[in-house]
Amino acid sequence: MGFLLNDVIVLAKNAEHLVARDHFYSLGKPTSHVNSRDLKFVLSKYNLKKFNISEEYLNKAMLSDLRKLKKKYIISFEYFTKLLNFKKFSSIDIDPQEEPTFCVDVTKKNVNNDFISKADMIYDTGSLGYTNDPIAGLNFLISLLKVNGIIVHQSSHNGFIKTGYFQFNIQFFLDYYKKNNLKTIFTCFGFFSGWLKKISMGKWKIDIDENPNLNRIKKEKNCLYFVAKKVINKK
């Protein structure tokens, strides 16, 4: 799916559950579709209040610089992690052509200690659905996650009939994380048939919904977001 404005909201909102912001990892190297104009709008004081996101956790110097930008610069995902006050960002991907920080097959068991309890936050860009063994991939990710760390999944859902090898419903994640002692803290759907709509006065509206009705899910292309927190180490 790439890095979208919906991701900005979900990641910023759920990063507030973190104890530390030392190292952010992504599964898949995010391609950004976010420009400076739209990011400024989403992180405006009005919308931060609307989405119940505290400006306290954002990097104040970078936020000030962002608000001064006039052109539609593409905002890299690494830039965004710094805006969220993370000290370091690393990407993981199996494809060397993507030029990730670490070229790793997350479904293999021979992963070394370099990937044990390193991540304060993990963002699965939808790459889990492209692995040949999603459960093995999830086992890798929760081993990578520190205690008190947050993992965010963006999973293509209704309407993405040509995307990946697997698509996941909420119950898949609920059952897996309950079994592995992670606490579910947030779920929502992002809608992409009209996920960014022009409204009055040339303003913009971000279209995410925590409790959409079934009729809406069936009619519109959407993406599931699922967020869990590691409260204790896996036994």
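The model shown is predicted, which means the values in this text are computed figures rather than measured ones.

## Some remarks on the pairing of strand S6 (residues 182-191)
- Here S6 runs beside strand S10 (residues 222-230); their pairing, made up of nine bridges, is antiparallel. Across the sheet, the residue bridging to leucine 182 is lysine 230, located in S10.
- Examined bridge by bridge, S6 and strand S9 (residues 208-209) share two bridges and lie antiparallel to one another. Of the residues in S9, the one forming a bridge with phenylalanine 189 is aspartate 209.

## As for the state of the cysteines
- The full count for this structure, using the stated rule, is zero disulfides.
- Just so you know, cysteine 223 is unpaired, no disulfide at all, and the nearest cysteine sulfur is the one on cysteine 188, 8.7 Å from it.

## Considerations on the pairing of S10
- Within S10, nine of the nine residues are buried, which leaves the element mostly enclosed by the surrounding structure.
- Of the two faces of S10, the one lined by Asn222, Leu224, Phe226, Ala228 and Lys230 and the one lined by Cys223, Tyr225, Val227 and Lys229 are each fully buried.
- Across seven bridges, strand S5 (residues 145-156) lies against S10 in antiparallel orientation. By the bridge assignment, isoleucine 151 is partnered in S10 with alanine 228.

## Concerning the side chain of serine 155
- Relative to the elements of secondary structure, serine 155 occurs in strand S5.
- Not counting residues within four places of it along the chain, the set of residues in contact with serine 155 comprises Phe168, Phe173, Cys223 and Leu224.

## Concerning unusual backbone geometry
- Phi is positive for serine 117, close to 55°, though the residue is something other than glycine.
- Relative to the elements of secondary structure, serine 117 occurs in the loop between strand S3 (102-103) and strand S4 (119-124).
- Positive phi values are uncommon outside glycine, yet asparagine 181 reaches one of about 65°.
- Structurally, the position occupied by asparagine 181 is in the loop between helix H7 (170-179) and S6.

## What about helix H1 (residues 5-15)?
- With 10 of 11 residues buried, H1 lies mostly within the body of the structure.
- Within the span of H1, buried status applies to Leu5, Asn6, Asp7, Val8, Ile9, Val10, Leu11, Ala12, Asn14 and Ala15.

## Regarding the packing of aromatic side chains
- According to the stated counting rule, one finds 20 aromatic pairs in the structure shown.
- When the centroid spacing of 5.1 Å and the interplanar angle of 40° are considered together, the rings of phenylalanine 3 and phenylalanine 80 count as tilted. With phenylalanine 3 in the segment before H1 and phenylalanine 80 in helix H5 (residues 77-83), the pair connects residues that are 77 residues apart, well separated along the chain.
- On the accessibility criterion, phenylalanine 3 (0% relative accessible area) is buried.
- Since its relative accessible area comes to 1%, phenylalanine 80 is described here as buried.
- Pairwise contacts between aromatic rings join Phe3, Phe24, Phe77, Phe80, Phe86, Phe89 and Tyr123 into one cluster.
- Looking at lysine 221, its charged tip hangs above the ring of phenylalanine 160, at a distance of 5.0 Å from the centre.

## Overview of the nonpolar core
- Membership of the largest hydrophobic core comes to 37 residues, with the highest contact counts inside it found for Val8, Leu11, Leu43 and Met121.
- Those residues in contact with methionine 121 that sit more than four places away from it in its chain are Leu11, Asn14, Ala15, Leu18, His23, Phe24, Tyr25, Phe86, Leu145, Ile150 and Val152.
- The next biggest cluster of nonpolar side chains, apart from the first, holds 27 residues, and it includes Val106, Leu144, Ile217 and Leu224.

Parameters and conventions
- Residues numbered from 1 in each chain as written.
- Predicted model: local features only at pLDDT ≥ 70, side-chain atom pairs only at ≥ 80, totals over all residues.
- Heavy atoms only, no water.
- Pairing = 2+ DSSP bridges.
- Helix = DSSP H or I, 4+ residues; strand = E, 2+ residues; numbered from the N terminus.
- Disulfide = S-S within 2.5 Å.
- Buried < 20%, exposed > 50% of the residue type's maximum accessible area, 1.4 Å probe, protein only.
- Contact = heavy atoms within 4.5 Å.
- Phe/Tyr/Trp six-rings, centres within 6.5 Å; stacked < 30°, edge-to-face > 60°.
- Lys NZ or Arg CZ within 6 Å of the ring centre and 35° of its normal.
- Core = buried A, V, L, I, M, F, W, Y, C linked by side-chain atoms within 4.5 Å.

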